[in-house]
Amino acid sequence: MAHGDVTHLEIPVSDLESAKDFYADLFGWDISSPPGFEEYPMWQAPNKISGGALTPREEGFTQPRSVIEVDSIEETLAKVTAGGGRVVQPRAPIDETSWWALFEDPDGNVIGLFEGTMGG
């Protein structure tokens, strides 16, 4: 994917097992948990392109959140703050070759960022 592409949609849920059954039945999503990410079951749409994750609902994360791929999380977060947004979660590792972060735009929308490649 390229800089600026929406790569992922995270859906906060209260019961992971029930949510997996619900969304698999509703949309035909293939849902599985990669090793090491048991509490983050990943879903893929039948088109084999769209995807995301079901994530535990928690305070501050009660609505679906888009994740955008960027070339540099650090550069993107600098632009966020320069533009009036704020960093919610600084750049943090997912694995050896990928990182994530969260920011809030000036309207209060929280958006995820992804940098790297999965499965490093």
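For the structure itself, consult the block above.
Residues numbered from 1 in each chain as written. Predicted model: local features only at pLDDT ≥ 70, side-chain atom pairs only at ≥ 80, totals over all residues. Heavy atoms only, no water.

A. Looking closely at the environment of Pro34. Assignment of secondary structure puts Pro34 in the loop between strand 2 (30-32) and strand 3 (42-44). Exposure remark for Pro34: the relative accessible area of 28% places this residue in the partly exposed category. Here the alpha-carbon distance between Pro34 and Ile49, two residues 15 residues apart in the chain, equals 17 Å. If we ignore the near neighbours within four places in the chain, the residues touching Pro34 are Tyr40 and Met42. (Helix = DSSP H or I, 4+ residues; strand = E, 2+ residues; numbered from the N terminus. Buried < 20%, exposed > 50% of the residue type's maximum accessible area, 1.4 Å probe, protein only. Contact = heavy atoms within 4.5 Å.)

B. Just the pattern of salt bridges, in detail. Evaluated as defined, the whole model comprises four salt bridges. Residue Arg65 is joined to Glu10 by a salt bridge in which the shortest nitrogen-to-oxygen separation is 2.9 Å. Here the residue Arg65 occupies a position in strand 5 (residues 65-69), and Glu10 occupies one in strand 1 (residues 6-13), the gap between them amounting to 55 residues. In terms of burial, Arg65 and Glu10 fall into one category: buried. Put simply, Glu115 and Arg91 hold a salt bridge, and the shortest N to O gap is 3.4 Å. You can see Glu115 sitting in strand 8 (residues 110-116) and its partner Arg91 sitting in strand 6 (residues 86-95), a full 24 residues away along the chain. (Salt bridge = Lys/Arg side-chain N within 4 Å of Asp/Glu carboxyl O.)

C. Main features of unusual backbone geometry. Of note, the phi angle at Lys48 is positive, near 65°, even though the residue is not glycine. Mapped onto the secondary structure, Lys48 falls in the loop between strand 3 and strand 4 (51-56). Residue classification places Lys48 among the exposed residues on the basis of a relative accessible area of 54%.

D. Spatial organisation of helix 1 (residues 16-27). Compared with the 16 Å implied by 1.5 Å per residue over 12 residues, the 16 Å span of helix 1 between its first and last C-alpha is a close match. Those residues of helix 1 that sit buried are Leu16, Ala19, Lys20 and Tyr23. Relative to the axis of helix 1, the buried residues are bounded by an arc of 105° and lie together on one face. In helix 1, the exposed positions angled more than 90 degrees off the buried face are occupied by Asp21 and Asp25. Looking at the buried positions of helix 1, the neighbouring elements they touch are strand 1, strand 2 and strand 4. With its phi angle positive at about 75°, Gly28 sits one or two positions after the end of helix 1. (Expected span 1.5 Å × (residues − 1). Arc of directions from axis to C-beta.)

E. Highlighting the nonpolar core. Counting 10 residues, the largest nonpolar core consists of Ile11, Val13, Leu16, Ala19, Tyr23, Trp29, Ile31, Trp43, Ala45 and Leu54. For this core, the elements supplying multiple residues, two or more each, are strand 1 and helix 1. Discounting residues that sit within four places of it in the chain, Val13 has contacts with Ala19, Leu54, Thr55, Pro56 and Arg57. One finds Val70, Ile73, Phe103 and Leu113 within the second-largest nonpolar core, a separate group that totals eight residues. (Core = buried A, V, L, I, M, F, W, Y, C linked by side-chain atoms within 4.5 Å.)

F. Region of interest: the environment of Ile49. Within the secondary structure layout, Ile49 lies in the loop between strand 3 and strand 4. Ile49 gets classed as exposed once you look at its relative accessible area, which sits at 61%. Separated by 44 residues in the primary sequence, Ile49 and Pro93 place their C-alpha atoms 23 Å from one another.

The values reported here are purely geometric and, on their own, carry no functional implication.
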